[in-house]
Amino acid sequence: MITMLLGPPGSGKGTTANVICKNHKLFSLSTGDLLRERVKQTDGFGKHIANLMSTGELISDDIINQLVKEIVESDKIKTEYNGILFDGYPRTVQQAQFLKKLLADNNQKVNYVLLFNVDDDFIVKRIVARRIDRKTGNIYNLITNPPPENADLDLYQRPDDKEETILHRLDVYKKQTTPLIDFYKESDIIYEVDASQPVEKMIEIAEKILER
Ligand code: AMP
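1. Regarding the overall build of the protein chain
- Looking only at helices and strands, the protein chain has 10 helices and 8 strands in total.
- On C-alpha atoms alone, the protein chain measures out to a radius of gyration of 17 Å, which is about the 17 Å that the 2.2 N^0.38 rule sets for 212 residues.
- Dimensions along the principal axes, computed over C-alpha positions, put the protein chain at roughly 45 × 45 × 35 Å.
- Looking at the protein chain as a whole, 45% of its 212 residues qualify as buried.
- Within the protein chain, contacts between residues separated by at least 24 positions form 73% of all contacts whose residues are at least 6 apart in sequence.
- Roughly 11300 Å² of accessible area belongs to the protein chain as shown, and the carbon and sulfur atoms make up 50% of that amount.
- Counting 29 positive and 33 negative side-chain charges, the protein chain places the centres of these two groups 2 Å from one another.

Written out as structure tokens, the structure is:
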């Protein structure tokens, strides 16, 4: 099963992805997470990526597509998982076209695109309150999904979760990623999720869609 979460930054894709992947034994392929891992190597390439990410610009299609290809074609994914859940990829029409061909070459296709819809104002409020636990990767929100009290957590805020960067990321999303809605509408696999709801509700709705 190939599922894709499409929606602006901060619409709750990451949190929903974590739960759906566990429930369905899907491999969670978040290109943002892959890049954040790569940035830990502080060589020239790592610094180049870190710079782009900190401003909210996209990394070039060729780099991202290559990363994705290696994972989609790996034996581990084919044998140990029931499929892949894409979070934050594709983000451009070029990436979507690349993915379509890559999946077709591997006898697969996208089965579900969950489109997370939410207003910009809501997103800004939600993202500035987002915190991530370094140890587990769990995503919390100081307002809507606070971390448990007295838990042994090492919380941090993503450098690109500051208000001015978020506004630019939303702009990039509108220009580069919203054309994908038309791209997938043609094949009738898009399902809308109201992403202003609490995360538990979004997960419930996502699960119902995946039963279809
Ligand atoms: P995310 O964690 O999905 O919000 O991604 C964080 C940042 O990583 C984005 O703002 C981009 O700079 C970069 N990034 C993640 N996924 C992609 C992608 N599919 N194409 C280009 N850049 C990406």
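Let us keep going from here.
2. Notes on the side chain of aspartate 133
- Note that aspartate 133 resides in strand E5 (residues 130-133).
- Buried charge without a salt bridge: aspartate 133, with lysine 135 as the nearest opposite-charge side chain at an N-O distance of 5.8 Å.
- In terms of polar contacts, aspartate 133 uses its side chain to reach the side chain of threonine 136, at 2.9 Å.
- Among all residues touching aspartate 133, those that are not within four sequence positions of it are Asn138, Tyr140, Leu153, Asp154 and Leu155.

3. Quick look at the environment of proline 90
- Assignment of secondary structure puts proline 90 in the loop between strand E3 (84-87) and helix H6 (93-105).
- What makes proline 90 buried here is its relative accessible area of 2%.
- Sequence spacing of proline 90 and leucine 103 is 13 residues, and the spatial spacing of their C-alpha atoms is 13 Å.
- Ignoring any residue separated from it by four or fewer positions in sequence, one finds proline 90 in contact with Met4, Leu6, Gln95, Ala96, Leu99, Thr177, Leu180 and Tyr184.

Rules used in this analysis
- Residues numbered from 1 in each chain as written.
- Predicted model: local features only at pLDDT ≥ 70, side-chain atom pairs only at ≥ 80, totals over all residues.
- Heavy atoms only, no water.
- Helix = DSSP H or I, 4+ residues; strand = E, 2+ residues; numbered from the N terminus.
- Rg over C-alpha atoms; globule rule 2.2 N^0.38 Å.
- Buried < 20%, exposed > 50% of the residue type's maximum accessible area, 1.4 Å probe, protein only.
- Contact = heavy atoms within 4.5 Å.
- Areas by Shrake-Rupley, 256 points an atom, 1.4 Å probe, with all protein chains shown as cover.
- Lys, Arg positive; Asp, Glu negative; His and termini not counted.
- Charge placed at Lys NZ, Arg CZ, Asp CG, Glu CD.
- Salt bridge = Lys/Arg side-chain N within 4 Å of Asp/Glu carboxyl O.
- Polar contact = N/O pair within 3.5 Å; in protein donor to acceptor, adjacent residues only side chain to side chain.

The values are spatial; any link to function lies outside them.
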